[in-house]
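Chain by chain, the residues run as shown.
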Amino acid sequence: MIAPGSCIGIIGGGQLARMMILEGRKMGYRFIVVDPSEQCASAAIVDELIIDKWSSLNAALTLAKKCDVVTVDTEHVPWQSIQAMEEITHVFPSSMVLKNIQDRLAQRQFLQNQSIPQTAFYNVESLDDIHAAMDEMGLPCVLKTKTSGYDGKGQSVIRELEDALFAWEKIGRLPAIIEKFVDFQDEVSVIIARTKVACKVQVSIYPIAKNLHYKHILHKTVVPSGYDGRIEEKCKALAMQVVDAFDYIGVMGIEMFVTKDGEVLVNELAPRTHNSGHFTYGGCMTSQFEQHIRAVTGQALGATTLLSPIVMVNLLGDLWDDGIDFSKLVQTPHTTLHLYGKTPPQKGRKMGHFTVFDAEVEKASAIADDLYNEL
Ligand code: AMP
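Here the structure is a predicted model, which means the values were calculated and not measured.

### Side note on the state of the cysteines
Part 1 of the reasoning: A full pass over the atoms with the stated rule returns 0 disulfides.
Part 2 of the reasoning: Free cysteine Cys40: the closest other cysteine sulfur is in Cys67, separated by 15 Å.
Part 3 of the reasoning: The class of Cys40 is buried, set by a relative accessible area of 9%.

### Re the sheet that holds strand 1 (residues 7–11)
Part 1 of the reasoning: Spatially, the 5 strands line up as an open sheet ordered 3-2-1-4-5, and their pairing is parallel. Each edge of the open sheet carries a strand with a single partner, namely strand 3 (48–51) and strand 5 (90–91).
Part 2 of the reasoning: Sheet analysis places strand 1 next to strand 2 (residues 30–35), joined by 5 bridges and oriented parallel. Residue Ile8 lies in a different strand from strand 2, and its bridge partner there is Phe31.
Part 3 of the reasoning: Its contacts with the sheet place helix 2 (residues 57–66) against strand 1, strand 2, strand 3 and strand 4 (69–72), and it is angled at close to 165° to strand 1.

### Observations regarding the domain arrangement of the protein chain
Part 1 of the reasoning: Here the protein chain is described as being made up of domain 1 (7–91), domain 2 (120–180) and domain 3 (184–374).
Part 2 of the reasoning: Taking the mean C-alpha position of each, domain 1 and domain 2 sit 34 Å from one another.

### Brief notes about helix 5 (residues 104–113)
Part 1 of the reasoning: The element helix 5 is extensively covered by neighbouring structure, given that 7 of its 10 residues are classed as buried.
Part 2 of the reasoning: What helix 5 keeps buried is the set Arg104, Leu105, Ala106, Gln107, Arg108, Phe110 and Leu111.
Part 3 of the reasoning: The opening residue of helix 5, the one whose side-chain oxygen lies 2.8 Å from the backbone nitrogen of Leu105, is Asp103.
Part 4 of the reasoning: Backbone geometry just downstream of helix 5 places Ser115 in the positive-phi region, at approximately 55°.

### A closer look at the sheet that holds strand 7 (residues 141–145)
Part 1 of the reasoning: Spatially, the 4 strands line up as an open sheet ordered 6-9-7-8, and their pairing is antiparallel. Looking at the sheet topology across the chains shown, the edges are occupied by strand 6 (121–124) and strand 8 (155–158). If you compare each strand with its neighbour and ignore which way they point, the axes differ by 20° on average.
Part 2 of the reasoning: The pairing of strand 7 with strand 9 (residues 176–180) spans 5 bridges and is antiparallel. Bridge assignment links Cys141 to a residue of strand 9, and that residue is Lys180.
Part 3 of the reasoning: Against the sheet, helix 6 (residues 127–137) contacts strand 6, strand 7, strand 8 and strand 9, and its axis sits at roughly 170° relative to strand 6.
Part 4 of the reasoning: Running over the sheet, helix 7 (residues 163–170) touches strand 6, strand 7 and strand 8 and is turned about 175° from strand 8.

Thresholds, definitions, all that
Residues numbered from 1 in each chain as written. Predicted model: local features only at pLDDT ≥ 70, side-chain atom pairs only at ≥ 80, totals over all residues. Heavy atoms only, no water. Disulfide = S-S within 2.5 Å. Buried < 20%, exposed > 50% of the residue type's maximum accessible area, 1.4 Å probe, protein only. Pairing = 2+ DSSP bridges. Helix = DSSP H or I, 4+ residues; strand = E, 2+ residues; numbered from the N terminus. Contact = heavy atoms within 4.5 Å. Axes fitted to C-alpha atoms, helices over the stretch in contact; angles between N-to-C directions. Domains from an automatic or database assignment. Polar contact = N/O pair within 3.5 Å; in protein donor to acceptor, adjacent residues only side chain to side chain.

Written out as structure tokens, the structure is:
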């Protein structure tokens, strides 16, 4: 148990760190963040900011010495840094988790070893490997770099045989995996928390969220998802299996596909709080950010009860191009604006989000669409 008043370190000072700090301060914790930018989203509210790259071993060791527990706001912190910090302090996620998640091939193999349903995949080190995989799986396929990909970066869809070379060049001929394209009905996600209190495991799961992406970036999350108990239970059971297999501590976001014939396939694991879980911040009794702080400090997990149907919409930097006017949004009842204090507002950069509550989820969704179009 890491008592209130202790110091929590975070590698990465983006919006996930910022919201963890906002929630964690209320719980009595102090925070030190490592981030390359002195203008990062956490800068204004952190006790100490160490300016350095997420990948800096030096910064990780300095942070570990100053903190009672360390966590991350990105899965791209090298697992070797985490392993070095584990010699000094508590670190969640563990180096074992990051080693198995950072590399897409390792992640797929981990899921395969647990017999968790997912799309077919092959290792790719050459154009010949891509052709061999296309012969096996048929088209379309998705080529993904093994490391550093997120929000569709480092990805290319292959629809025709002739696209293979273009796709391979597009991802910079880097080591990759190729996956069968899933013709999904919907993308959903599960936000799950696992901890140990006095050596006893506790797990809690939020209601599953339905996610709509635009250009590979999450645009909108709708909760409840509209799926019946059978799909919801399937998703939750898979999420439980994943966190148990890792002996995981903290919040994990798990992206899944629901196929047209009602199958559930795991797409991707995020060993941290997740964009599709922002609805919990205001929409559930305990936000995913508070839950993560509870989990990594060994506190009992909070209730995940949904307070009302809710819709979350991301605000990307593109919206700032011609100036942005929030007056209609902030004058609309049951609507909450969250801004992350990031500058400058670049294209594709996540600048904030808003949530809309309504007793009917369809109505919340329609109000959210109107407000978004207005922006
Ligand atoms: P990822 O970085 O793996 O989460 O992929 C980003 C987005 O690309 C996902 O949210 C999906 O919309 C799409 N995508 C990724 N992999 C596949 C796949 N195998 N089949 C269909 N769509 C995919």
